[in-house]
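The chain contents come next:
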Amino acid sequence: MPAILVVEDQAEIRDMVAKYIEREGYDCSVASDGFQALRLFHSSAFDLVILDVMMPGMDGFEVLKSIRTTSEVPVIMLTAKQEEVDRLHGFDMGADDYVGKPFSAKELMRRIHVILKRSNVQTTTNILTYAGIKLLSDQMKVLKDGEEVGLTSAEFQLLHVFMKNIGRVLAREQLMTMAFGDHYDGLDRNIDSHIKRIRQKIESDPSAPEYLHTKYGAGYVFGGK
C-alpha cells in the first residue's frame with residue numbers, strides 16, 4: 001500500500017488532503033512544517049510527498065532540496081504562487097508536479113493516481129541501452145557506465161520515451177503525451193526543466209550534450225548527431 005507524506009502548515013487544508021488520501025486506501029502521514037516533515041521523511045519510507053511551498057521557518061523549496069540530496073521520491077508541490085518562474089524553480093529542483101491553490105481535492109487525487117501509476121510502470125521491453133546508458137524499466141533504474149543515476153519518476157518516463165525513439169525529433173507536445181498521457185496539463189516549459197535535470201545527471205558536460213540534443217524550433221532528440 002503506497003505511503004504518502006502531506007506537508008502543509010494550514011490545518012484545514014492538511015486535514016482535508018489527508019482525509020481524501022486515506023479514503024483512497026493509502027497510508028498517510030502529516031507534517032505541519034518543514035522541520036517535522038524532514039524528521040518524518042528520514043524515519044519512514046514514503047512513495048509520494050505532497051509539499052506546500054509557503055511555510056514559516058523552512059519553506060517547501062528548502063525541504064525539496066533536502067529530500068533530493070538522498071531520494072528521488074515523487075513530489076507534488078502545493079502553492080498559492082501562480083508565477084511561472086516559481087513553478088519552473090520547483091521543477092528545476094526536482095518537483096514532479098504542481099497544484100495551485102485553491103485546488104480541487106479530486107484534481108489532486110487524480111494527479112496522485114497518475115504519479116503513483118507512473119512510478120510503478122512496467123513495460124514489456126525491460127532493458128534499453130544506448131552508448132553507455134542502460135535503462136531497466138521493470139526496476140525504474142538507469143545506469144551510466146555501470147553507475148546508477150538517480151532520476152525522479154517524471155525524468156525516468158521522459159528518458160524512457162527518448163530511448164525508445166533514438167534519433168527521432170520529438171516536440172514538447174509529443175513528449176508530454178508519450179511520457180505522461182493525454183490528460184497531462186503541465187506547461188511546455190516544465191518539459192524543458194525536466195530535460196535540464198536529465199542532462200545534469202547523464203551528460204559529462206550538460207552545456208555540450210552527447211546524448212540529449214535540442215533541435216531549435218522543433219524539439220529534442222536523443223542520440224544521433
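See the structure printed just above.
All figures in this text were calculated on a predicted structure; none of them were measured in a lab.

Criteria and cut-off values
Residues numbered from 1 in each chain as written. Predicted model: local features only at pLDDT ≥ 70, side-chain atom pairs only at ≥ 80, totals over all residues. Heavy atoms only, no water. Salt bridge = Lys/Arg side-chain N within 4 Å of Asp/Glu carboxyl O. Helix = DSSP H or I, 4+ residues; strand = E, 2+ residues; numbered from the N terminus. Buried < 20%, exposed > 50% of the residue type's maximum accessible area, 1.4 Å probe, protein only. Right-handed = clockwise from strand over helix to strand, strands pointing away. Pairing = 2+ DSSP bridges. Phe/Tyr/Trp six-rings, centres within 6.5 Å; stacked < 30°, edge-to-face > 60°. Expected span 1.5 Å × (residues − 1). Core = buried A, V, L, I, M, F, W, Y, C linked by side-chain atoms within 4.5 Å. Contact = heavy atoms within 4.5 Å.

Please clarify how the pattern of salt bridges should be interpreted in this entry.
Opposite charge on two side chains allows them to pair when their charged atoms are near. Per the counting criterion, the structure on display carries 10 salt bridges. Linking Arg 68 and Asp 96 is a salt bridge whose minimum nitrogen-to-oxygen distance equals 3.3 Å. Pair noted here: Arg 68 is in helix α3 (residues 60–68) and Asp 96 is in the loop between α4 (84–93) and β5 (97–100), with a separation of 28 residues, a long-range link. With respect to burial, Arg 68 and Asp 96 carry one shared label: buried.

Looking at this structure, I do not really get the pairing of strand β4 (residues 75–79). What am I missing?
Consecutive side chains of a regular strand alternate in pointing toward one face of the sheet and then the other. Counting buried positions along β4 gives 5 out of 5 residues, so the element sits mostly inside the fold. The side-chain alternation of β4 yields two buried faces, one formed by Val 75, Met 77 and Thr 79 and the other by Ile 76 and Leu 78. For the handedness criterion, the β-α-β arrangement of strand β3 (residues 48–52), α3 and β4 is classed as right-handed. Note: β4 against β5, 4 bridges, orientation parallel. Residue Leu 78 lies in a different strand from β5, and its bridge partner there is Val 99.

I tried to follow the packing of aromatic side chains on my own but got confused; where do I start?
In total, this model carries 6 aromatic pairs according to the counting rule given. Consider the rings of Phe 91 and Tyr 98, whose centres lie 5.5 Å apart with planes at 55 degrees: the pair is tilted. You can call Tyr 98 buried: its relative accessible area is 2%. Cluster of aromatic residues (ring-pair linked, three or more members): Tyr 130, Phe 162, Tyr 211 and Phe 222.

I would appreciate a short explanation of helix α6 (residues 153–164) in the present structure.
Side chains of residues three or four places apart in an α-helix project in the same direction, reflecting 3.6 residues per turn. Given a rise of 1.5 Å per residue, 12 residues ought to cover 16 Å, and the 17 Å separating the end C-alpha atoms of α6 matches this to within 8%. With 11 of 12 residues buried, α6 lies mostly within the body of the structure. Buried within α6 are the following residues: Ser 153, Ala 154, Glu 155, Phe 156, Gln 157, Leu 158, Leu 159, His 160, Val 161, Phe 162 and Met 163.

Quick question: what am I supposed to make of the nonpolar core here?
One recurring pattern in soluble globular proteins is that nonpolar side chains are buried together. Within the largest apolar cluster, 26 residues are counted, with the highest numbers of intra-cluster contacts made by Val 142, Leu 159, Phe 162, Leu 175, Ile 202 and Phe 222. Mapped onto this core, the elements with two or more residues apiece are β7 (133–136), α6, α7 (172–180), α8 (188–202) and β11 (219–222). Here this core gets 7 residues from one element, more than from any other, and that element is α6. When near neighbours in sequence (up to four residues on either side) are disregarded, Phe 162 contacts Leu 170, Leu 175, Ile 195, Leu 212, Tyr 220, Val 221 and Phe 222.

How should I be thinking about the side chain of Ser 71 in this particular structure?
Here Ser 71 shows up in the loop between α3 and β4. Classification of Ser 71 by relative accessible area gives buried; the value is 17%.

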